[in-house]
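Residue-level structure breakdown
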There are 2 protein chains.
Amino acid sequence: MVILLTRTLPPGLREELDAIVPGARVVSEADLEADPSLVGRIEVCYAHLPSGLWDKATSLRWFQSSWAGMERLLAISEARHHPAVFTNARIHAAPISEHLWGMLLSLVRNLPLARDLQRRRRWDHEACEAGLSILQGKTLCVVGLGEIGSRCARIGRAFGMRVVGIRRDSSPHPDADEVVGPAERHRAFAAADVVMVVLPATDATRAFVGRAEFAAMRGSVFLNAGRCSTVDTDALVAALSSGAVRAAGLDVTDPEPLPRRHPLWRMPNVLITPHCAGKHAEYEERAARVFLDNLRRYTAGKPLEHVVNKEEGY
Amino acid sequence: MVILLTRTLPPGLREELDAIVPGARVVSEADLEADPSLVGRIEVCYAHLPSGLWDKATSLRWFQSSWAGMERLLAISEARHHPAVFTNARIHAAPISEHLWGMLLSLVRNLPLARDLQRRRRWDHEACEAGLSILQGKTLCVVGLGEIGSRCARIGRAFGMRVVGIRRDSSPHPDADEVVGPAERHRAFAAADVVMVVLPATDATRAFVGRAEFAAMRGSVFLNAGRCSTVDTDALVAALSSGAVRAAGLDVTDPEPLPRRHPLWRMPNVLITPHCAGKHAEYEERAARVFLDNLRRYTAGKPLEHVVNKEEGY
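Residues numbered from 1 in each chain as written. Chains lettered and ligands numbered in written order. Predicted model: local features only at pLDDT ≥ 70, side-chain atom pairs only at ≥ 80, totals over all residues. Heavy atoms only, no water.

1. A word on the packing of helix α5 (residues 93-108) of chain A against helix α5 (residues 93-108) of chain B
Taken N-terminus to C-terminus, the directions of α5(A) and α5(B) make an angle of 125°; their axes are 8 Å apart at the nearest point. Put simply, α5(A) runs oblique to α5(B). Note on packing geometry: the crossing formed by α5(A) with α5(B) is left-handed. Residues Glu98(A), Trp101(A), Gly102(A), Leu105(A) and Ser106(A) of α5(A) touch α5(B), and the partners they reach there are Glu98(B), Trp101(B), Gly102(B), Leu105(B) and Ser106(B). Considered class by class, the residues forming the contact of α5(A) with α5(B) number 4 nonpolar, 4 polar and 2 charged. (Axes fitted to C-alpha atoms, helices over the stretch in contact; angles between N-to-C directions. Helix = DSSP H or I, 4+ residues; strand = E, 2+ residues; numbered from the N terminus. Parallel < 35°, antiparallel > 145°, perpendicular 65-115°, else oblique. Left-handed = near helix turned anticlockwise from the far one by under 90°. Contact = heavy atoms within 4.5 Å. Nonpolar A, V, L, I, M, F, W, Y, C, P; charged D, E, K, R; others polar.)

The structure is reproduced here in structure tokens:
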């Protein structure tokens, strides 16, 4: 078995790999450059296959990504139509939900203002109290009930919020008080105090939250840590101006990086982070563990976990 | 029945009060000044009795505070020894736990840095990624398992953390994986990634977290939204310098307000808020509702809720 590793495994994990597949030949991108004929012998690849090699990787049976989002890879026709099984690393639910809740709680607890005052060493009780709100008893609308959304719903319940989820089939969810389909999103947005968007980027989710959707909101706090294509940024700016959205926490923007002159930078009650919600110091190790767990299944002939549906795009 | 109201009830609630006790005479502080003889006829008081009046309020049977902390009131000997039943408003669990989690998530998700960069309109992925950590799978030590601590424990579980609680009787708790007594706190602190202090100010909790306790910590994130007397501030500063504490979120400090020259203002990884964790826009209404709910019980001869133990101080 030839395994292409394009990422160095964290300490200790390379030994685990060798123990799972004792006879495997593990090659790097440098090895491929030195011996291009290796490409046709790669059976397993982690975490990235250079885009020009997909039609040459004729023996590739399984590709494990170290990421969750697959839209860029699937935009490459040779990758999309390659017969190999694609699996992704759905390890973003924990960091992204922590990031989303961090942004939300920062906004409702006035923490950006507290930070500004701290820089000036000012203890200003009145300023920090102004506009403080509370989440308990309020309604959270989670747009997208995948792994991230499910986790956000569970956290919302722990904070004592009523949780309304939006997903395609509108089937019940254990951590949502109510689930509605996409067609009912305007009603859900109108009733929500907080709208949290964690949609993948697919054809079906493009501009899922646009002018009409923002117009339905009633002073809600809006958060997006999914993909920028799912939200109409101009409509968001207008909603912040009109008050339909009273505060926003954005880890993704359109375009990215956000240009220096973009109005979002300076809008009050907007918190921007540079698309880092999925990151954390232990990311590489956790992603590599997903690969090794799947490698155990692969060698045992068991079904792989986190298989990507290439048609649906995630 | 004479009821002293020292706070104007939010819209609609005065009508509720009148419906609960149709014949009551509701008086204000101004009325007491105009007719001092009224003091001796007060049976019920919400939310504050001027300190000089306790020994004159001979008919007072029930005092409802609009706050949770009772230590300042109980420091007044005439109040402490007054035979009236004291009840407090334990409505701080939701806002304080939201505030604590907001500070914690801000620190682990680098949000103060994101705020600084946003002011300069800088999209700096690398800077924001540096040092990001993750809570899922880590250990949270909640010091004090009252209403606030219980709520924080439940939220910790929803974030996928292992929760260790510290309380006097070390009895099990539904939202803690383990509960230990105060004597075992050093061991609990040594094993914790996050230490969250939500102790009331009593004689038993003074300097509960001091030099020896901070020395036991191993790079934990430390949060305090209880009372400043429970934590030795100089020891905290030393622990931040040594790395025993890697970040701190403080809503209470000793002294308060924190003096402009205090080193905590400028320490990296310290987030300070000016004792506002319990506040929010709906506070007055929720506190008044606690009073009205208790007033219904009082008039029906039922036991009041949130009765303060004057000996224990909360």
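2. Digging into the packing of aromatic side chains
Residues and elements named next belong to chain A. Following the criterion strictly, the structure yields 18 aromatic pairs over all chains and no others. Put simply, the rings of Tyr46, Trp62, Phe291 and Tyr298 pair up and form one aromatic cluster. One residue, Arg185, lies across the ring of Phe208, its end atom 4.2 Å from the ring centre. The ring centre of Phe86 lies 3.9 Å from the NZ or CZ of Lys310, which sits over that ring. (Phe/Tyr/Trp six-rings, centres within 6.5 Å; stacked < 30°, edge-to-face > 60°. Lys NZ or Arg CZ within 6 Å of the ring centre and 35° of its normal.)

3. Here's the deal with the pairing of strand β4 (residues 62-65) of chain B
Residue and element names in this part refer to chain B. Taking every second residue as pointing to the same face, both faces of β4 are buried, with Trp62 and Gln64 on one and Phe63 and Ser65 on the other. In this sheet, β4 lies alongside strand β3 (residues 42-47) in parallel orientation, the contact comprising 4 bridges. Each bridged residue has a counterpart across the sheet, and for Cys45 the counterpart in β4 is Phe63. Of the strand pairs in this sheet, β4 and strand β5 (residues 85-87) are connected by 3 bridges, and their pairing is parallel. If you follow Trp62 over to β5, its bridge partner there is Val85. (Buried < 20%, exposed > 50% of the residue type's maximum accessible area, 1.4 Å probe, protein only. Pairing = 2+ DSSP bridges.)

4. As for the interface of chain A and chain B
Facing the 61 residues of chain A at the interface are 61 residues of chain B. For chain A, the biggest contributors to the area lost against chain B are Glu98(A), Arg121(A) and Trp123(A); these three give 16% of the whole. A salt bridge links Asp116(A) to Arg119(B), with the nearest nitrogen and oxygen atoms 3.2 Å apart. Per element, the largest residue contribution to the side of chain A that touches chain B is 10 residues, and it comes from α5(A). (Buried area = accessible area lost by both parts, 1.4 Å probe. Salt bridge = Lys/Arg side-chain N within 4 Å of Asp/Glu carboxyl O.)

5. As for unusual backbone geometry
The linkage connecting Asp254(A) with the following residue, Pro255(A), adopts the cis geometry, with an omega of 5°. Position of Pro255(A) relative to the elements: it lies in the loop between β11 (245-250) and β12 (270-272). Cis geometry marks the peptide bond from Glu256(B) to Pro257(B), where omega comes out at -5°. Within the secondary structure, Pro257(B) is located in the loop between β11 (245-250) and β12 (270-272). Although it is not a glycine, Arg121(B) sits at a positive phi angle of roughly 55°. Here Arg121(B) shows up in the loop between α6 (111-119) and α7 (125-129).

6. Some details on the domain arrangement of chain A
Residue and element names in this part refer to chain A. The domain architecture assigned to chain A consists of domain 1 (2-91 + 281-300) and domain 2 (93-272). Taking the mean C-alpha position of each, domain 1 and domain 2 sit 35 Å from one another. Across the boundary between the two partners, domain 1 contributes 4 residues, which contact 6 residues of domain 2. Here domain 1 and domain 2 share an interface that buries about 400 Å² over both sides, 37% of which is from carbon and sulfur atoms. Looking only at domain 1, the three residues that lose the most surface to domain 2 are Glu71, Arg90 and Ile91, adding up to 82% of its buried area. (Domains from an automatic or database assignment.)

7. Observations concerning the relation of the copies chain A and chain B
If you rotate chain A by 180° and push it 0.0 Å along the axis, it lands on chain B with an RMSD of 0.1 Å. What we have between these two chains is a two-fold relation. Among all residues of chain A, the minimum C-alpha distance to the rotation axis is found for Gly102(A), at 2.8 Å. Both copies contact each other with a shared surface, as 100% of the interface residues of chain A are interface residues in chain B too. (Least-squares fit on C-alpha atoms with pLDDT ≥ 70 in both.)

8. Section: the sheet that holds strand β5 (residues 85-87) of chain A
Hydrogen bonding along the main chain pairs the strands of a sheet, whether they run parallel or antiparallel. Residue and element names in this part refer to chain A. Within the open sheet, the 5 strands sit side by side as β2-β1-β3-β4-β5. Their pairing is parallel. Across the chains shown, the open sheet's two edge strands, defined by having one partner strand only, are β2 (25-27) and β5. Neighbour-to-neighbour, the strand axes of the sheet open up by a mean angle of 20°, direction not taken into account. Its contacts with the sheet place helix α12 (residues 283-299) against β1 (2-5), β3 (42-47), β4 (62-65) and β5, and it is angled at close to 160° to β4.

9. Description of a positive patch on the surface
A surface patch of positive charge is lined by Arg120(A), Arg260(B), Arg261(B) and Arg266(B). Note that Arg266(B) resides in the loop between β11 and β12. By relative accessible area, which is 55% here, Arg266(B) ends up exposed. (Patch = residues over 30% accessible without salt bridge, like charges linked within 9 Å, V, L, I, M, F, W, Y side chains within 5 Å. Areas by Shrake-Rupley, 256 points an atom, 1.4 Å probe, with all protein chains shown as cover. Lys, Arg positive; Asp, Glu negative; His and termini not counted. Charge placed at Lys NZ, Arg CZ, Asp CG, Glu CD.)

10. A short note on the packing of α5(A) against helix α8 (residues 147-158) of chain A
All names here are of chain A. Between α5 and α8, the shortest axis-to-axis distance is 9 Å and the interhelical angle comes to 50°. As judged from the angle between their axes, α5 and α8 are oblique. The interaxial crossing formed by α5 with α8 has right-handed handedness. Along its contact with α5, which presents Ala93, Ala94, Ile96, Ser97, Leu100 and Trp101, the element α8 presents Glu147, Ile148, Arg151, Cys152, Ile155 and Gly156. The residue makeup of the contact of α5 with α8, split by class, is 8 nonpolar, 2 polar and 2 charged.

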